[in-house]
Amino acid sequence: MKMYFRIIASVLLAVMLLGTVCACSQKTDNGGPSADDVSSNGDSSNTEPSGNPDTDPAGTTAGSEDTDDGKQTNPHFITNRLTGEVCDEATANRRPVAIMINNIKKANPQIGISGAQVIYECEVEGGITRLMMLTTDYSALSVVGSIRSAREYFIDYAMGHDAIFVHAGGSEQAYAELASRSVDHIDGTRGKNPADTFYRDPKRLQTMGSVHAYVTSGDRIAKAVDYFNFRTEIPQGTQTSFAFVAPGTADLLSDGEKATHLYMSYTASHCPEFVYDEASGKYLRFQFKHEPQIDDATGKQLAFDNVIVISCQRTNLNDAKGHIDIVTSGEGKGYYCYKGKAIPIRYSKANDDAPLRFYRENGEELLLNIGTTFVNVLGDSQFERLSLNYTN
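All of these numbers come straight from a predicted model, not from anything done at the bench.

Before going further, it helps to examine the overall build of the chain. Per the secondary structure count, the chain includes 7 helices and 21 strands. Out of the 392 residues belonging to the chain, those deemed buried represent 48%. Of the roughly 19,000 Å² that the chain leaves accessible, carbon and sulfur atoms contribute 51%.

This is how it looks when you write it as structure tokens:
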């Protein structure tokens, strides 16, 4: 009998010790729940995600939810700062280039311009406009051009993206600001670049003349970036222009008005248009009396997911060359267009180097839809002539 009671006592003691161990194992250093806290359907508001807390379930490194410090807006994806598309960390942190592109009629069609992820269009002297194309994937560009000169307000928009600025010449004011603001730039006129950074395309030289044949390419740009030892990454915490919706979502502008044929007139001779194409879901670009704007490298018409039109103060400088000034900083109004609809917006740019940010009329930050973007910068009076649904 004594042996029997000893066995029972040993079993009871073992059970008590096992219960103590289990109770301890349910406690963690941070007070987190154990697996037993998860309900039978696998759902628990108190459970922590398993695996690396810095990755999503697919293993993609997470970004930051805090847009004020310039990090990614979606906590589970790394995205391209120019398009909002999911990308790797190296692409997300890569500085883009901003390339000045000739846009007079004789210089069209441009070449390589469809490689742009963002394009800005602003007026310059003589009633013409110039384009500035931006891309993070510049090493993939083939021939691109023709390359033209800088104006100071284009520099302002480039700096909002922390871009390396590529140009051939510039106004004296532009050169003064490139120097005073320590802008990383590659200049085809006064610059001391590697010898083959810019060249004259033989075909364009024959058909368009010397000025409009001046081109470069992605590998030549990359070589010049290495030559100058320019910084190639955007510093962590840097806020840049544009914010986007989360990958896999879209803002269809349910509160917007119809906007299927945008028509704007910088001058009587230059009236760009964007016509919404339902088949592709993009806006097709036209200029010069309804002519499609074509990339000579592909033979295809330029098309964009997002079109933004903003109104800025425009002033004639009354100098010998007829230069104008566009005030890029401060606040103003505009329109955001996507898939045939438009909403009125506000924009702000704290200073010349600050990022350009967009807001809905109620003050909420505007999140652009994922894809390519064209930004038309109009003077105040030019903006008043804008039509969202033009009819001939």
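So, next bit.
Pairing is antiparallel in the open sheet, where 3 strands are placed in the order E4-E8-E7. Strand pairing shows two members of the sheet lacking a second neighbour, strand E4 (143-145) and strand E7 (199-200), which therefore form its edges. Its contacts with the sheet put helix H6 (residues 218-228) on E7 and strand E8 (214-217), and the angle it makes with E8 is roughly 75 degrees.

In the contact formed by helix H3 (residues 152-159) and helix H4 (residues 172-180), the axes pass within 8 Å of each other and the chain directions differ by 35 degrees. Facing H3, whose interface residues are Glu-152, Ile-155 and Asp-156, H4 presents Gln-173, Ala-174, Glu-177 and Leu-178. Split by residue class, the contact of H3 with H4 holds 3 nonpolar, 1 polar and 3 charged.

Another aspect to go through is the environment of Arg-285. Topologically, Arg-285 is positioned in strand E12 (residues 282-287). Taking the C-alpha atoms as reference, Arg-285 lies 9.5 Å from Leu-262; in sequence the two are 23 residues apart. A polar contact of 2.9 Å, which involves the side chain of Arg-285, links it to the side chain of Glu-121.

Okay, the nonpolar core next. Of all hydrophobic cores here, the largest spans 41 residues; its most connected members are Tyr-120, Met-132, Tyr-157, Phe-165, Tyr-336 and Phe-358. Considering every element that reaches this core, the biggest residue donor is H3, with 6 residues. Discounting residues that sit within four places of it in the chain, Tyr-336 has contacts with Leu-253, Asn-306, Val-307, Ile-308, Lys-341, Ala-342, Ile-343, Ile-345, Leu-366, Leu-368 and Asn-369.

The subject of this paragraph is H6. When H6 is considered as a whole, its buried residues turn out to be Gly-218, Ile-221, Ala-224 and Val-225. For H6, the angular spread of buried residues about the axis comes to 125 degrees, placing them on one side. Among the exposed residues of H6, those pointing more than 90 degrees away from its buried face are Asp-219, Asp-226 and Tyr-227. Each element contacted by the buried residues of H6 is listed here: strand E1 (97-101), strand E5 (164-167), strand E6 (185-187) and E8. Immediately beyond the C-terminal end of H6, within one or two residues, lies Asn-229, with a positive phi of roughly 60 degrees.

Moving on, we get to the state of the cysteines. If you walk through the whole model with that rule in mind, you get 0 disulfides. The thiol sulfur of Cys-312 is not disulfide-bonded, and the nearest other cysteine sulfur, from Cys-122, lies at 7.6 Å.

A few words now on the packing of aromatic side chains. Scanning the model with the defined rule gives 12 aromatic pairs in all. Note on Tyr-120 and Tyr-157: the rings are 4.9 Å apart at their centroids and 15 degrees apart in plane angle, and the pair reads as stacked. Here Tyr-120, found in strand E2 (residues 118-123), pairs with Tyr-157, found in helix H3; they are 37 residues apart in sequence, far enough to count as distant. We classify Tyr-120 as buried; its relative accessible area is 0%. On the basis of relative accessibility, which here comes to 1%, the residue Tyr-157 falls in the buried class. Grouping aromatic residues by their ring pairs yields a cluster made of Tyr-227, Phe-228 and Phe-230. In this structure, Arg-190 is placed above the aromatic ring of Tyr-175, and the distance from its NZ or CZ to the ring centre is 3.8 Å.

With that settled, consider the side chain of Asn-376. Along the chain, the position of Asn-376 falls in strand E21 (residues 373-379). Exposure remark for Asn-376: the relative accessible area of 0% places this residue in the buried category. A polar atom in the side chain of Asn-376 sits 2.7 Å from the side chain of Glu-121. A distance of 3.0 Å separates the side chain of Asn-376 from the side chain of Tyr-266, its partner in a polar contact. Contact partners of Asn-376, with chain neighbours within four places excluded, come to Glu-121, Met-264, Tyr-266, Phe-274, Arg-285, Ile-308, Val-309 and Ile-310.

Procedures and definitions
Residues numbered from 1 in each chain as written. Predicted model: local features only at pLDDT ≥ 70, side-chain atom pairs only at ≥ 80, totals over all residues. Heavy atoms only, no water. Helix = DSSP H or I, 4+ residues; strand = E, 2+ residues; numbered from the N terminus. Buried < 20%, exposed > 50% of the residue type's maximum accessible area, 1.4 Å probe, protein only. Areas by Shrake-Rupley, 256 points an atom, 1.4 Å probe, with all protein chains shown as cover. Pairing = 2+ DSSP bridges. Contact = heavy atoms within 4.5 Å. Axes fitted to C-alpha atoms, helices over the stretch in contact; angles between N-to-C directions. Nonpolar A, V, L, I, M, F, W, Y, C, P; charged D, E, K, R; others polar. Polar contact = N/O pair within 3.5 Å; in protein donor to acceptor, adjacent residues only side chain to side chain. Core = buried A, V, L, I, M, F, W, Y, C linked by side-chain atoms within 4.5 Å. Arc of directions from axis to C-beta. Disulfide = S-S within 2.5 Å. Phe/Tyr/Trp six-rings, centres within 6.5 Å; stacked < 30°, edge-to-face > 60°. Lys NZ or Arg CZ within 6 Å of the ring centre and 35° of its normal.

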